[in-house]
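Observations on the model geometry
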Amino acid sequence: MFASGYQVTDVLMLVLCVGPVATYFLTLGLVNSHARPCIITSRADFISLTIVLIPLLVVPLPTLAGSSHLWLLGLATLGFAMAFHRLLPAADAGFVIYNISEKRCRRLVEDALRSIGWHGSWSAETWHDRDGRFALSLRSFTPLRNVTLHVEHTDGIDPAVRLAALRAAMEHEFRSVSQMPSTMGACLVMVGVALMIIPLWMVSRHIDQLVDAVTYLFG
């Protein structure tokens, strides 16, 4: 029973750690298989990635629970919370656009800016407003086929109002996009499915122990 208990714990830890990562890759794969780009705020993107990685913090929990070093877990949790607060993008930081190349994103951003009467020019990967009110910078991440659009505000206009107008204009431009499912999307779906199979396979191998554990806990 003692060994079975450890097996059950290992299986649950595996599901807890691999499950969110598998779901993340599967979701990205489906998004990158869609005909149109998908836009979310930089803050929402960071929080979703953090949620995926949080289960890794509980990996040492069973070991620490059986020792006198639980304070290490508390210290690590505090450090993680401080890092999260420091790295969390501001609500008006910008957007992350999935399922798009940097070249195409740049063209669509230009069209969106022009449609709402904002004019400016590019300097490398940064677009500067003609009146110096704000600036946009693009940074792509090819492995996940996304582009980060960072907005730097330099005037007194409410950033939320500006971002809402920019997002509406960009979403309008995205409606005109029609593209075939990408190879990257298919690869990400395969990775997500493969990762999903691992915990399911482990659960099927130890289903009896898991049922006994659940029955013991809930009577």
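For the structure itself, consult the block above.
Residues numbered from 1 in each chain as written. Predicted model: local features only at pLDDT ≥ 70, side-chain atom pairs only at ≥ 80, totals over all residues. Heavy atoms only, no water.

**Overview of the overall build of the protein chain**
Within the protein chain, the secondary structure is distributed over 8 helices and 6 strands. Helices (α) and strands (β) of the protein chain occur, in sequence order from the N terminus, as α-β-α-α-α-β-α-β-β-β-β-α-α-α. In the protein chain, of all internal contacts separated by at least 6 residues, the share reaching a separation of at least 24 is 73%. Carbon together with sulfur atoms contributes 67% to the accessible area of the protein chain, which is approximately 13,000 Å² in total. (Helix = DSSP H or I, 4+ residues; strand = E, 2+ residues; numbered from the N terminus. Contact = heavy atoms within 4.5 Å. Areas by Shrake-Rupley, 256 points an atom, 1.4 Å probe, with all protein chains shown as cover.)

**Let's talk about a nonpolar patch on the surface**
Taken together, the side chains of W71, L72, L75, L78 and M82 present a nonpolar region at the surface, about 550 Å² in accessible area. Relative to the assigned elements, W71 resides in helix α4 (residues 70-87). (Patch = residues over 30% accessible without salt bridge, like charges linked within 9 Å, V, L, I, M, F, W, Y side chains within 5 Å. Salt bridge = Lys/Arg side-chain N within 4 Å of Asp/Glu carboxyl O.)

**Some details on the sheet that holds strand β1 (residues 38-41)**
Read across the sheet, 6 strands follow the order β1-β2-β6-β5-β4-β3 without closing on themselves; strand pairing throughout is antiparallel. Every other strand in the sheet has two partners, leaving β1 and β3 (120-123) as the edge strands with one partner each. Recorded for the sheet is a direction-independent mean angle of 20 degrees between the axes of neighbouring strands. In the sheet, strand β5 (residues 134-141) pairs with strand β6 (residues 146-153) via 8 bridges, with the strands oriented antiparallel. Counted as the bridge partner of R139 is T148 from β6. Set on the sheet, helix α5 (residues 102-115) makes contact with β2 (94-98), β3, β4 (126-129), β5 and β6; between it and β5 the angle comes to about 155 degrees. (Pairing = 2+ DSSP bridges. Axes fitted to C-alpha atoms, helices over the stretch in contact; angles between N-to-C directions.)

**Regarding helix α7 (residues 183-205)**
Along its 23 residues, α7 runs 33 Å from first to last C-alpha, staying within 8% of the 33 Å computed at 1.5 Å per residue. Those residues of α7 lying buried are G185, L188, G192, P199 and M202. (Expected span 1.5 Å × (residues − 1). Buried < 20%, exposed > 50% of the residue type's maximum accessible area, 1.4 Å probe, protein only.)

**Overview of the side chain of N32**
Structurally, N32 can be placed in the loop between α1 (2-31) and β1. For N32, the residues in contact, after removing those within four places along its chain, are Y98, N99, L144, R145, P181, S182, G185 and L188.

**A closer look at unusual backbone geometry**
The backbone of A124 shows a phi angle near 60 degrees, a positive value even though the residue is not glycine. Mapped onto the fold, A124 is located in the loop between β3 and β4. Residue A124 is classed as exposed on the basis of its relative accessible area of 62%. One non-glycine residue, R145, lies in positive phi territory at about 55 degrees. Note that R145 resides in the loop between β5 and β6.

**Thoughts on the packing of aromatic side chains**
Tallying each qualifying case throughout the model produces 4 aromatic pairs. Ring centres of Y24 and F25 lie 6.0 Å apart, and the angle between their planes is 75 degrees; on these two criteria the pair is classed as edge-to-face. Of the residues examined, Y24 reaches a relative accessible area of 15% and is grouped as buried. Taking relative accessible area as the criterion, F25 reaches 23% and is therefore assigned partly exposed. The structure contains a cluster of three or more aromatic residues connected by ring pairs, namely W118, W127 and F134. Sitting over the ring of W122, R106 keeps its end group 4.2 Å from the ring centre. (Phe/Tyr/Trp six-rings, centres within 6.5 Å; stacked < 30°, edge-to-face > 60°. Lys NZ or Arg CZ within 6 Å of the ring centre and 35° of its normal.)

**Side note on the pairing of β2**
Regular strands place side chains that alternate from one sheet face to the opposite one. A large share of β2 lies buried, amounting to 5 of its 5 residues. Across 4 bridges, β1 lies against β2 in antiparallel orientation. Within the sheet, the bridge partner assigned to I40 lies in β2 and is V96. Pairing geometry for β2 and β6, over 5 bridges, is antiparallel. Looking at the pairing, I97 lines up with V147 of β6.

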